[in-house]
Amino acid sequence: MLLSAEHLSINYGVKELVKDASLYLEAGDKIGVIGINGTGKSTFLRCLAGQEQPDSGTVTRYPNVQVVFLAQNPPMDETNTVLEQVFASQDSAYREIHQYEAISMLNKLGIENPEVKVSVLSGGQRKRVALAAALLQPADVLILDEPTNHLDIQSREWIEEAVEEYEGNLLFVSHDRYFIDRFANRIWMLEDGKILEFKGGYQEFLAYRERQ
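Rules behind the numbers
- Residues numbered from 1 in each chain as written.
- Predicted model: local features only at pLDDT ≥ 70, side-chain atom pairs only at ≥ 80, totals over all residues.
- Heavy atoms only, no water.
- Pairing = 2+ DSSP bridges.
- Helix = DSSP H or I, 4+ residues; strand = E, 2+ residues; numbered from the N terminus.
- Axes fitted to C-alpha atoms, helices over the stretch in contact; angles between N-to-C directions.
- Contact = heavy atoms within 4.5 Å.
- Patch = residues over 30% accessible without salt bridge, like charges linked within 9 Å, V, L, I, M, F, W, Y side chains within 5 Å.
- Areas by Shrake-Rupley, 256 points an atom, 1.4 Å probe, with all protein chains shown as cover.
- Salt bridge = Lys/Arg side-chain N within 4 Å of Asp/Glu carboxyl O.

Considering the sheet that holds strand 4 (residues 56-61)
Strand pairs in the sheet, formed through backbone hydrogen bonds, run parallel or antiparallel to each other.
And step 1. The sheet built from three strands is open, its strands ordered 2-1-4 with antiparallel pairing. Two strands close off the open sheet at either side, each with one partner strand: strand 2 (15-25) and strand 4. Sheet twist, expressed as the mean angle between neighbouring strand axes with direction ignored, is 25 degrees.
And step 2. The pairing of strand 1 (residues 3-12) with strand 2 spans seven bridges and is antiparallel. Opposite Leu8, over in strand 2, you have Ala21 as the bridge partner.
And step 3. Running at roughly 135 degrees to strand 1, helix 1 (residues 41-49) makes contact with strand 1, strand 2 and strand 4 of the sheet.

Below you can see the structure in the form of structure tokens.
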């Protein structure tokens, strides 16, 4: 067991996003989190990643399990260069070792000048910088919120290749049906405060929808 949630409840004002859910992330899991807009998927991910506290229940990340989280709209320091932003949470020794890899990754994502300031980047470019920062970090569990949003076709293909090569455990929110079908071996669907689990992945979810 890498990560678990016990009796998790999450509210947004008077709206109950998640009610008394118990969930478990085990070795080898690649879980897609789905649901219509407004069901609380992003808030749910932030709670699992330790970025927010649930209203009740507990989230346990087991000892020595490294969790890396990519928010849908990650905050950035406007005064940083792109390269500084990629390594913002790392020390200088780590940057020295991984700088060439970071520049190569940024180039593949269409960011050719790593010394440009974050303040001049578009929303899509910021997402690419955040992706590079997340994928450069060692992670046992990689949590991604809408990883393919605001990306052009070439960048989408690159992130799909990077996720394909990633050997750790994956937990992600996406509205991209192709991405979900390709990578999720389990599905968690948020609906009316409940979380329905489909252990057969996206195809089992589609079969469930056809029966409704």
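Picking up after the structure, the text goes on.
What to know about a nonpolar patch on the surface
And step 1. The grouping of Met1, Tyr24 and Tyr62 at the surface amounts to a nonpolar patch, some 270 Å² of accessible area in total.
And step 2. Structurally, the position occupied by Tyr24 is in strand 2.

Without other data, these values stay purely geometric and don't point to any function.
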